[in-house]
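# Observations on the model geometry
Next come the chains, spelled out residue by residue.
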Amino acid sequence: QSALTQPRSVSGSPGQSVTVSCTGTSTDVGRYNYVSWYQQHPGKAPKLLIHDVSQRPSGVPDRFSGSKSGNTASLEISGLQTDDEADYFCCSYGGTYTPFVFGTGTEVTVL
Amino acid sequence: EVRLTQSGAELKEPGESLKISCKASGYRFTDYWIGWVRQMPGKGLEWMSIVHPGNFDRRHNPSFEGQVTLEFDASINTAYLQWNSLQASDSAIYFCARRLHVDGSPFDFWGQGTLVTVSS
């Protein structure tokens, strides 16, 4: 299964909003409402930000929101803060024997 | 508090064997899947293999099948990733992570990562 496609980088100024896209196929993103997003700061482990397309785990600020349309999922970060500067990875369920299809990753830069 | 505590960094030579560990605490080990994710230098995340310690069910990424072995010891809440013969291309950070026993669930908690360097 091929990796989901994400833009290499996106950037924004503090307080602005940025959107990270994640494009898959009809066998993963398009088929299941099981898209998750992870934030990874340099040298750290990934942290779950969003699951089931748009659900936030406890403790994740509501500045982070997820959505999906067809084969493309999106992560919006509103009110951008300097601590949001990190790599972001999407991930989709691809079926019983392909439980994880990760995205290529996007570096978010706060200008 | 849920914690996944991984063993320390390793420096190995090509052809050597290696077993790294991931000790779980703060939850019932047999209620969740546990798996491993590789991150090569400067690259993205790749899931390798997951196992359910409660029913021994397993899933493998075909890209890694035959290269590594995922084992666990439920008596000490620990999962392992093992290589019989390392190659330079195995140099990476390896994360363990847990997943709820529901299809479609994400990895919700992660270990801190184990850096494996394979070099002669």
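So, here is what we can say about the structure in this document. (Residues numbered from 1 in each chain as written. Chains lettered and ligands numbered in written order. Predicted model: local features only at pLDDT ≥ 70, side-chain atom pairs only at ≥ 80, totals over all residues. Heavy atoms only, no water.)

## Thoughts on unusual backbone geometry
Residue and element names in this part refer to chain A. For aspartate 52, which is not glycine, the phi torsion reads 50 degrees and is therefore positive. Overall, aspartate 52 belongs to the partly exposed group, its relative accessible area being 32%. Backbone geometry places valine 53, a non-glycine residue, at a positive phi of 75 degrees. With respect to the helices, strands and loops of the structure, valine 53 is situated in the loop between strand E4 (47-50) and strand E5 (64-69). (Buried < 20%, exposed > 50% of the residue type's maximum accessible area, 1.4 Å probe, protein only. Helix = DSSP H or I, 4+ residues; strand = E, 2+ residues; numbered from the N terminus.)

## Digging into the pairing of strand E9 (residues 92-100) of chain B
Residue and element names in this part refer to chain B. With respect to burial, E9 is a largely interior element, seven of its nine residues being buried. Judged from the eight bridges that link them, strand E4 (residues 32-39) and E9 form a sheet pairing that is antiparallel. Among the inter-strand pairings, glutamine 39 is bridged to a residue of E9, identified as isoleucine 93. Two strands pair when backbone bridges link them, and E9 and strand E11 (residues 114-118) are joined in this way by three bridges, in the antiparallel orientation. The residue bridging alanine 92 from the neighbouring strand is valine 116, located in E11. (Pairing = 2+ DSSP bridges.)

## Overview of the environment of alanine 73 of chain A
Residues and elements named next belong to chain A. Structurally, alanine 73 is set in strand E6 (residues 72-77). Judged by relative accessible area, which is 0%, alanine 73 ranks as buried. The sequence separation of alanine 73 and leucine 4 amounts to 69 residues, and the corresponding C-alpha distance is 9.9 Å. Not counting the four nearest positions on each side in its chain, alanine 73 is found in contact with Val20, Ser21, Cys22, Val29, Val35, Trp37, Ser67 and Lys68. (Contact = heavy atoms within 4.5 Å.)

So far we have only geometry, and geometry alone does not tell us how the molecule works.
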